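Survey of secondary and tertiary structure
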Amino acid sequence: MKIIITGSLGNVAKPLAQQLIAEGHNITVVSSSDARKQDIESLGATPAIGSITDINFLTQTFDGADAVFVMTPPAISPDKIVENTTNAGKNYAEALKNANVKKAVMLSSVGAESPVENGPIAGLHNIEKLYNEVENTSFTFLRAGYFYNNFFNDIPLIQNAGIIGGNYPAGIEVPVVHPNDIAKAAAEELVKDGNTNTIRYIVSDVRKASDFAKVLGTSVNKPELPWVEFSDEDSLNGMLQAGLPEDMAKLYVEMGRGIRTGVVQKDFIDHGSPVTGNIKLEDFAKEFSSKF
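Let us look at the structure shown here. Predicted model only: the values in this text are computed from it and were never measured.

**Looking at unusual backbone geometry**
Backbone phi values are negative for most residues with the exception of glycine, while trans is the configuration of most peptide bonds. Unusually for a residue other than glycine, Asn 100 sits at a positive phi of about 60°. Topologically, Asn 100 is positioned in the loop between helix H4 (81–98) and strand E5 (103–109). Even without being a glycine, Asn 136 presents a positive backbone phi close to 70°.

**Structural notes on the nonpolar core**
Ranked by internal contacts, the top residues of the largest apolar core, which has 57 residues, are Phe 62, Tyr 131, Phe 151 and Phe 288. Excluding anything up to four places from it in sequence, Phe 151 contacts Tyr 146, Ile 164, Val 176, Phe 212, Leu 216, Phe 284 and Phe 288. If you look at the next biggest cluster of nonpolar residues, it comprises 27 residues, including Ala 13, Leu 20, Ile 40 and Ile 202.

**Some points on helix H11 (residues 263–270)**
Residues of H11 that are buried include every one of Val 264, Gln 265, Asp 267 and Phe 268, and no others. Here the buried residues of H11 occupy an arc of 155° about the axis, which is enough to place them on one side. The exposed residues of H11 that point more than 90 degrees off its buried face are Ile 269 and Asp 270. Tucked into the core, H11 has its buried residues touching helix H5 (121–132), strand E6 (138–144), strand E9 (173–177), strand E10 (198–202), strand E11 (205–208) and helix H10 (246–261). Two residues or fewer past H11, Gly 272 is found with a positive phi of approximately 90°.

**Quick look at the side chain of Ser 109**
On the secondary structure map, Ser 109 appears in strand E5. Given the relative accessible area of 12%, Ser 109 is considered buried.

**A few points about the pattern of salt bridges**
Scanning all chains against the criterion turns up 15 salt bridges. Put simply, Asp 205 and Arg 207 hold a salt bridge, and the shortest N to O gap is 2.9 Å. Arg 207 matches Asp 205 in its accessibility class, with the two residues each being buried. Residue Lys 250 pairs with Glu 246 through a salt bridge whose shortest N-O separation is 2.9 Å. Pair noted here: Lys 250 and Glu 246 are both in helix H10, with a separation of 4 residues, about one helical turn. The exposure class assigned to Lys 250 is partly exposed, which follows from its relative accessible area of 46%. Where salt bridges share partners, they join Glu 113, Glu 128, Arg 143 and Asp 267 into one cluster.

**Observations concerning helix H3 (residues 55–62)**
Three or more residues of H3 are buried, namely Phe 57, Leu 58, Thr 59, Thr 61 and Phe 62. The secondary structure elements touched by the buried residues of H3 are strand E1 (2–5), strand E2 (26–31), strand E3 (46–49), strand E4 (67–70) and H4. The N-terminus of H3 is capped by Asp 54, whose side-chain oxygen sits 3.1 Å from the backbone nitrogen of Asn 56. A positive phi of about 85° marks Gly 64, the residue just after H3.

**As for the packing of H3 against H4**
The interhelical angle for the contact between H3 and H4, taken along N-to-C directions, is 45°, at an axis separation of 8 Å. Taken together, the axes of H3 and H4 are oblique relative to one another. Between H3 and H4 the crossing geometry is right-handed. Mapping the contact onto sequence places Ile 55, Leu 58, Thr 59 and Phe 62 in H3 and Asn 91, Tyr 92, Glu 94, Ala 95, Leu 96 and Asn 98 in H4. Its residues placed into classes, the contact of H3 with H4 shows 6 nonpolar, 3 polar and 1 charged.

**Examining the pairing of E1**
Direction of pairing for E1 relative to E2: parallel, over a ladder of 4 bridges. Within the sheet, the bridge partner assigned to Lys 2 lies in E2 and is Asn 26. Tracing the backbone out of E1, into helix H1 (residues 13–22) and back to the parallel element E2 gives a crossover that is right-handed. Where E1 meets E4, 3 bridges bridge the pair, whose relative direction is parallel. Its bridge partner lying in E4, Ile 3 is registered against Ala 67.

**Observations concerning the sheet that holds E4**
Here 7 strands make up an open sheet; going across it, the order is E3-E2-E1-E4-E5-E6-E10 and the pairing parallel. Single-partner strands in this sheet number two, and they are E3 and E10. If you compare each strand with its neighbour and ignore which way they point, the axes differ by 20° on average. This element, H1, spans E1, E2 and E4 of the sheet and lies at about 170° to E1.

Criteria and cut-off values
Residues numbered from 1 in each chain as written. Predicted model: local features only at pLDDT ≥ 70, side-chain atom pairs only at ≥ 80, totals over all residues. Heavy atoms only, no water. Helix = DSSP H or I, 4+ residues; strand = E, 2+ residues; numbered from the N terminus. Core = buried A, V, L, I, M, F, W, Y, C linked by side-chain atoms within 4.5 Å. Buried < 20%, exposed > 50% of the residue type's maximum accessible area, 1.4 Å probe, protein only. Contact = heavy atoms within 4.5 Å. Arc of directions from axis to C-beta. Salt bridge = Lys/Arg side-chain N within 4 Å of Asp/Glu carboxyl O. Polar contact = N/O pair within 3.5 Å; in protein donor to acceptor, adjacent residues only side chain to side chain. Axes fitted to C-alpha atoms, helices over the stretch in contact; angles between N-to-C directions. Parallel < 35°, antiparallel > 145°, perpendicular 65-115°, else oblique. Left-handed = near helix turned anticlockwise from the far one by under 90°. Nonpolar A, V, L, I, M, F, W, Y, C, P; charged D, E, K, R; others polar. Pairing = 2+ DSSP bridges. Right-handed = clockwise from strand over helix to strand, strands pointing away.

Written as structure tokens, this is what we have:
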């Protein structure tokens, strides 16, 4: 199959490209960076270098494709994040329609069902609605859990303050996922037949926040590492002090609040809390300790 992968050589796109190339498919990887060209070619894929704001570029790239993996960058801009994420989805929708692509897999998120209290996931909620209106293209909405990789951002806090935490309590259960498990699920969905839109959850583990402290702490010889619940205000101030743009920090606080109230997890629980990924928290802890 001729398959287009957006997302350059990121945490999901790279292992996805590697798997599909190993399966013998003809892969093109979209990147905005000319510096990625050689790396993409060395994988055995064709680079398509251009901006996802350019509908003509996307249409030309998608033309003749059997399937496309569409994902929006996690931090598309320092401000107007939800609006700009939604606009990227609009561009993809237009290009898929123009190129008459029959099959697309969208990287979405647990919590995308909700129009409120889900922070940056609101952009994905908007995009799912947009894609549902695209005629002649069948979509799989791959709703992923909270990325394990996000815990790398907590390393300075653990090293400097001896704590880990968020604006939700230790007893809250959070669906988490490894990018490799997402890539595996995306690869399966891209080659599937089907002409109706479907939702698939991809989650590797569901764990209490206290487990994040215990398991990750133990991996770096800090078995007593506590999970600390921050107030929304302290959480926001901490992120701003760490250099996050204000719009992004506010969205992350809102997402944490949505986890605290259960809004973010609700749709996942309503679908039976399916855990189909293989990489558990204890497996990820080895990666975490190597980065610490």
